[in-house]
Structure formats: structure tokens, C-alpha cells
Amino acid sequence: MSTASLYTDTKARGDPRRDRHGARVDAGWRWLVEYPAAVLVVAEVVILFTGIVARYALHMPITWTDEAASILFLWLSALGSAVAIQRGEHMRMTALVAKCGPQARAYLDAVAAGAALLFLALVLAPAIHFANKQGAFTSPALEISGSWRAAALSVGVALMLAANALRLARVADRRVAGAALATIALIALAFWGAQPLFSGLGKLNLLIFFLGVVVLTVFAGVPIAFGFGLATFGYLALTTRIPLETMVGRMDEGMSHLILLAVPLFIFLGLLIEMTGMAQRMVAFLANLIGHRRGGLAYVLIGAMYLVSGISGAKAADMAAVAPALFPEMKKRGAKEGDLVALLAATAAQTETIPPSIVLITIGSVTGVSIAALFTGGLLPGALLAVALCVVVWRRYSKEDLAGAAWPGRHAVGRSLRAALPALVLPFLIRFAVVDGVATATEVSTIGIVYALLIALLVQRGCDWARLVPILIETAALSGAILLIIGTATAMAWCLTRSGFSSDLAALMAGLPGGKFGFLAVSIVLFIVLGSVLEGVPAIVLFGPLLFPIAQQVGVNEVHYAMVVILSMGIGLFAPPFGVGYYVASAIGKASPDAGMRPIAGYMLALFVGVLVIAAVPWISTGFLP
């Protein structure tokens, strides 16, 4: 999902007063929001790692760590969402907007901003009321008022509202912004005026709001979290008598689930691995080992993405860590930029099940499937798809010119292995800690973070520590963008369930011909489509609670189903022309998206065949489960 800026800067620069005012606003924002968000990331690492040491090493469990982490996590989610909106980094679908001319694009960007403003303005009062009501409850371990925790959402909404308004005022043309805001106001008034009509439509309202509004907003470039939020708020306000605080409560529940705390911590770990150079050392070792063979660097790319994905859990971070280390040498050997981007996107799709994938963690959060089982079950399917890609590489690079690509020798390979060994150990350390009960899936990332910091300090010195604070802020922003989607998608999923849609869907899917194989076939097609439009996290939050129980009813193992679903979404996410992940790969590879359209077809066909094999042979996903 693209995180392109919400705004097109159409104002002339150079006004000293405006620049000085903007600099003061930016400085105030950093101290008010960005630095506290960075501190919260550090606090979460310290609290959770302290809990691990106290429980596992000292055998003196601390009872309040999970509760404190959960409270701070909601504040981190809220502040991170505000940081993301100030930076224009909330995830949005830009495939159609990017094809428009400059004027139309500027207008649509302003419409996206106006839609976000509308949702934030509508939900602010319910968020404040929800926080006030939570004052009647007291936390069991820390014994503090529930309002301290619940206030995070109202504060976050207020900060996002202010940040969005300020950014729109600073960078958008007044006439364009005025026209866009007028459009949003007219649409909102039209929906409000149609309220009597909605009351008689019954379940048809589900199509109007959760299909019509969502599709319209997503393809217009509205950030997906706000598109989900507008659809849910409109449905509750215009077609039901449910208090609007209920939506805030569902968002609170979705954004504060303790399992999801693994999302910002693994994002931080991935950025830390890139900062310390551990990922680059791993790639260098693989390049020295097999880079001198035909297609060797392509094999290195596949293997490096498999290993790096097991560390960071974030596909954009994986691609950004691997591509710059390999692409220059591959181009020297005659590889075309289209081939490189195609392989990079295909390997990113192939590694969607490698733990600790954020999508795996999300599935565990919303469906109740064991995170440890998902981590174990995801390794072999990812390896199978890697082999499928290697077959395509073998065919395509059989005549590669290897002039100047001599083997560096045993000593060079040994040196690069010693340098890469700490990074190669990390994925196994993470898996061991989860499977053997040293840490939960939420806590295990802190072990990786502490490990990476110790390696950087004691073994691999020369790290640029000045990047640490920006990395912490980037972690908060990306986490906030993801978690706000989860929050609004959770509210939407609750509405769908309450309306009876889930039972209707269950009856429809259970009645498909072909039994479990028919169900799996439909699921593959469905999630390829969803992956190209919604991306993994929101698609799982929306449809995971609905479809996983049906999978169990028709006899499909939940871990097996998770692998099929995730890999299908990966194909949709990275397959052009709609897969937005493909365009992220093109940007990282600094290549035209058009160049990779034809080369990626073979890789995607190999991945699709691999998914069919995984769907047909459950043992690939479940064979190593305890």
C-alpha cells in the first residue's frame, strides 16, 4: 500500500515569514508529538525486556508489565498516527490518482485530506465521551483510572485533526482546497439528508457503506484507515441507533491488543538491523558464496529476502535493505532493470509467511491462532516458493555472462561468514525464544533489539548512532499508520458481524461445491483480489474473523489456511498492474514500473503454482507443528 504524501505542494516557496512560522510549528510538533512517541517505543522495549528477564532469568514475574505495556501501546498508536498524518505517510491507494494530470491530482489529494478531516471531526466528540466513561473502571494491576488509557484515542484524534488542517493550509492551493472541502461537505450533507431512506433498506446498507463508500474512498486516494472509518461511522450514525462511542470502543480494542505490540517492535528491529549493517553483511556473505555462478546474484536475492524477512517482518524494509547491496553488481553483469524489479517484487511476495511477518502476527491477534504455530508453519511454504522462483531464475540466467565474476576464494568467504554470523543467528534466536517459551510473540522482538544493539556496540562497531532517534520516530509513524487501519477495520468487522453478514457469508462459503478444496480455491481468488486493493493487514482484520471459523467447519487446518491466505494476498499485493507493492519495489529499485511488467509474469506464475501446491498438500504448512 503506497504511503505517498496526501498533498501536492502547489504554493510558491520563499516567503521568509511563512518559512519562519513553519519552522517554529515543526519544532513544536517534534517536542509535542514526535519525541514523546520515540520515548514510548523505548519504554515498551524496556518494560517488556525487563519482564522477560524477571520471569525467565530471575523467576520473579512482574505482574504489571503487560498492563503498563498495553496502556503505553495505545498512546504509542495514537501519537504514531498523528506523526504519520503530519508526514503524509498514512497508507493509501494511489494507482489511479497517480495517472491523473497535475490539477486533478492536486484536487484529489485535497479531497483525501478533506475526507480525513471529516472523519476526525466526526469521531472527536465520541472519543472524548468514551474516555470519560472509562473513568468508572480501574486497572487491576496498576490501579489507575481507565480514562488515562482511553484518553489516548481522543488526544490522538485531536492531534491528527490539527496536523491535517495545518498541513493542508501550508501546502495546498486555497482554491483547490476550497473546492475539495466543498465537495466533501456536499457529499456528507447528501448522506445526512438520505437518512430516512437508509432506514428502510435493511442489509442493502451494507453494500452502500461497506462496499460503495469504501471502494469510492480507497480508489479516490483517501487513506485507507479514514475510508474504513467514514464507512463505519456513516453506517452506525445513519442506519442504526447504536451509540457512536461504540465505534471508538471497537477501535480501542483493535489498536491496543497486546499481541499487536509486536508490530512497532519488529518494525524497530528491522530498521535497527538496517542501521547497524547486519543485513548488508548477510547479503555480502551470500554473494561471496554463490555470486560467481550463473544466476548466482539472483539466487542471493531470493535467499537474502528469505533470511532478512525473518528478521524485520516488514516487506518495504526487506527490499530497501537487500536491493541496494545487489542491484549495482547485477546491472554490471547485464541484468536489465525490469528483470531486477520483477524478481525483487516476487521475492517480497514469496516471503510473506516467513516469521516474524506482521501479517502472521495480525492473524494470530484477530483469529486466536497460535503465533508459535504460525511462525513454525510459515517457514516451509516460504521455502517452497523460493525454490519455485529459483527454477525460473535457472531458466532465465542459464546464459549469463560471468566475465569478471570470479570466486573470491575460501578466505574471503570465511571473512564474510564471520561478519554475517551475528545476523544469521538472529532469525533462529527469535524462533527459539518463541517456540521454547522464553518469550511470547509480543516480547520476543525485544530480545532481538537488545541482541542487535549489543552486537553493534561490542562486535560490529562504526554504527551511525545519530540515526537512532529518527528511526524511533519512523517506527512510531509507520506503526501508527498500520494500527489506525487495524482500529477502523476492527470497528467495521464488528458492524459486519452484528448485522448478520458473517452468518450469511458462512452459509454461502460452506455451501460451495467441492468441499474444502472448493473453499480453498475461492479463498485464493478472493485474497489475491483483496491483496491488490486492501493489502494484508486490513484484509485480514476484516475477513479473518469471518473466514477462519468457516475453514475449520469444512475441515481446513487453521495454520494451513493462514498460509494459503497470506501467500495469495502476497501475489495480489506485488502483482501489477494493481498490486501496490510492485510499485514500492519499483521505487526502491529506481526503475520504471513499465519495465518489469513482462518479466514478472513468469515469477508470478511460479508463485501461483506454488500456492496451489501448498493448498493441495496441507503437510507443507502443518508437518512440523508439535
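- As annotated in an unreviewed UniProt entry, the protein chain carries the name ABC transporter permease and comes from Bordetella flabilis.
- Recorded under Function (unreviewed entry), the UniProt text for the protein chain is reproduced unchanged: "Part of the tripartite ATP-independent periplasmic (TRAP) transport system."
- Here is the UniProt Subcellular location (unreviewed entry) comment for the protein chain, exactly as written: "Cell inner membrane".

1. Looking at the overall build of the protein chain
Then, in step 1: The helix and strand inventory of the protein chain stands at 27 helices and zero strands.
Then, in step 2: The C-alpha atoms of the protein chain give 24 Å as radius of gyration, which agrees with the globular expectation for 626 residues (25 Å, within 12%).
Then, in step 3: Once the C-alpha set of the protein chain is aligned to its principal axes, its extents read approximately 75 × 60 × 60 Å.
Then, in step 4: Put simply, the protein chain has 626 residues, and 55% of those count as buried.
Then, in step 5: Pairs at least 24 apart in sequence give 82% of the contacts found in the protein chain among residues at least 6 apart.
Then, in step 6: When the accessible surface of the protein chain is totalled, it reaches about 25200 Å², and 67% of it is carbon and sulfur.
Then, in step 7: When the 42 positive and 31 negative side-chain charges of the protein chain are each reduced to one mean point, those points stand 6 Å apart.

2. Examining the domain arrangement of the protein chain
Then, in step 1: Along its sequence, the protein chain is organised into domain 1 (21-255) and domain 2 (261-623).
Then, in step 2: Domain 1 puts 51 residues into the contact, and the matching count from domain 2 is 49 residues.
Then, in step 3: At the boundary of domain 1 with domain 2, total buried surface from both sides reaches about 4300 Å², with 82% on carbon and sulfur atoms.
Then, in step 4: A salt bridge links glutamate 443 to arginine 55, with the nearest nitrogen and oxygen atoms 2.8 Å apart.
Then, in step 5: Applying the counting criterion to the domain 1 and domain 2 interface returns four residue pairs in polar contact (both at pLDDT 80 or more).
Then, in step 6: For the side of domain 1 that touches domain 2, the secondary structure elements donating two or more residues are helix 1 (16-57), helix 2 (65-87), helix 7 (204-219), helix 8 (224-239) and helix 9 (245-256).
Then, in step 7: Ranked by the residues each element gives to the side of domain 1 that touches domain 2, the list is headed by helix 1, at 13 residues.

3. Observations concerning helix 24 (residues 558-574)
Then, in step 1: The end-to-end C-alpha distance of helix 24 is 24 Å, a good match for the 24 Å that 17 residues give at a rise of 1.5 Å each.
Then, in step 2: A large share of helix 24 lies buried, amounting to 16 of its 17 residues.
Then, in step 3: A distance of 2.8 Å separates the backbone nitrogen of valine 559 from a side-chain oxygen at the start of helix 24, and that oxygen is part of asparagine 557.

4. As for the pattern of salt bridges
Then, in step 1: Within this structure, the stated rule accounts for five salt bridges.
Then, in step 2: For arginine 149, the salt bridge identified is with aspartate 252, shortest N-O distance 2.8 Å. Residue arginine 149 is located in helix 4 (residues 146-171), and its partner aspartate 252 is located in helix 9; the two are separated by 103 residues in the primary sequence.
Then, in step 3: Overall, the relative accessible area of 5% leaves aspartate 252 in the buried class.

5. Observations regarding a nonpolar patch on the surface
Then, in step 1: Among the surface-exposed residues, Leu605, Val609, Val613, Val617, Trp619 and Phe624 lie close enough to one another that they form a single nonpolar patch of about 580 Å² accessible area.
Then, in step 2: Element by element, the count of residues in the nonpolar patch is highest for helix 26 (residues 599-616), at three residues.
Then, in step 3: Its location among the elements puts tryptophan 619 in helix 27 (residues 619-622).

6. A few points about the side chain of glutamate 34
Then, in step 1: With respect to the helices and strands, glutamate 34 occurs in helix 1.
Then, in step 2: Beyond its immediate stretch of four places on either side in the chain, glutamate 34 contacts Trp29, Val83, Gln86, Arg87 and Ile473.

7. Section: the packing of helix 10 (residues 262-276) against helix 19 (residues 444-458)
Then, in step 1: Interhelical geometry of helix 10 versus helix 19 gives an angle of 15° and a closest axis separation of 9 Å. By the criterion of interaxial angle, the relationship of helix 10 to helix 19 is roughly parallel. Between helix 10 and helix 19 the crossing geometry is left-handed. Across the interface between the two elements, Leu265, Phe266, Phe268, Leu269, Leu272, Ile273 and Thr276 from helix 10 touch Val444, Ser445, Thr446, Gly448, Ile449, Ala452, Leu453 and Ala456 from helix 19.
Then, in step 2: Of the residues that constitute the contact of helix 10 with helix 19, the class distribution is 11 nonpolar, four polar and no charged.

What counts, and where the lines are drawn
Residues numbered from 1 in each chain as written. Predicted model: local features only at pLDDT ≥ 70, side-chain atom pairs only at ≥ 80, totals over all residues. Heavy atoms only, no water. UniProt positions renumbered as here; feature names shortened; annotations may be inferred. Helix = DSSP H or I, 4+ residues; strand = E, 2+ residues; numbered from the N terminus. Rg over C-alpha atoms; globule rule 2.2 N^0.38 Å. Buried < 20%, exposed > 50% of the residue type's maximum accessible area, 1.4 Å probe, protein only. Contact = heavy atoms within 4.5 Å. Areas by Shrake-Rupley, 256 points an atom, 1.4 Å probe, with all protein chains shown as cover. Lys, Arg positive; Asp, Glu negative; His and termini not counted. Charge placed at Lys NZ, Arg CZ, Asp CG, Glu CD. Domains from an automatic or database assignment. Buried area = accessible area lost by both parts, 1.4 Å probe. Salt bridge = Lys/Arg side-chain N within 4 Å of Asp/Glu carboxyl O. Polar contact = N/O pair within 3.5 Å; in protein donor to acceptor, adjacent residues only side chain to side chain. Expected span 1.5 Å × (residues − 1). Patch = residues over 30% accessible without salt bridge, like charges linked within 9 Å, V, L, I, M, F, W, Y side chains within 5 Å. Axes fitted to C-alpha atoms, helices over the stretch in contact; angles between N-to-C directions. Parallel < 35°, antiparallel > 145°, perpendicular 65-115°, else oblique. Left-handed = near helix turned anticlockwise from the far one by under 90°. Nonpolar A, V, L, I, M, F, W, Y, C, P; charged D, E, K, R; others polar.

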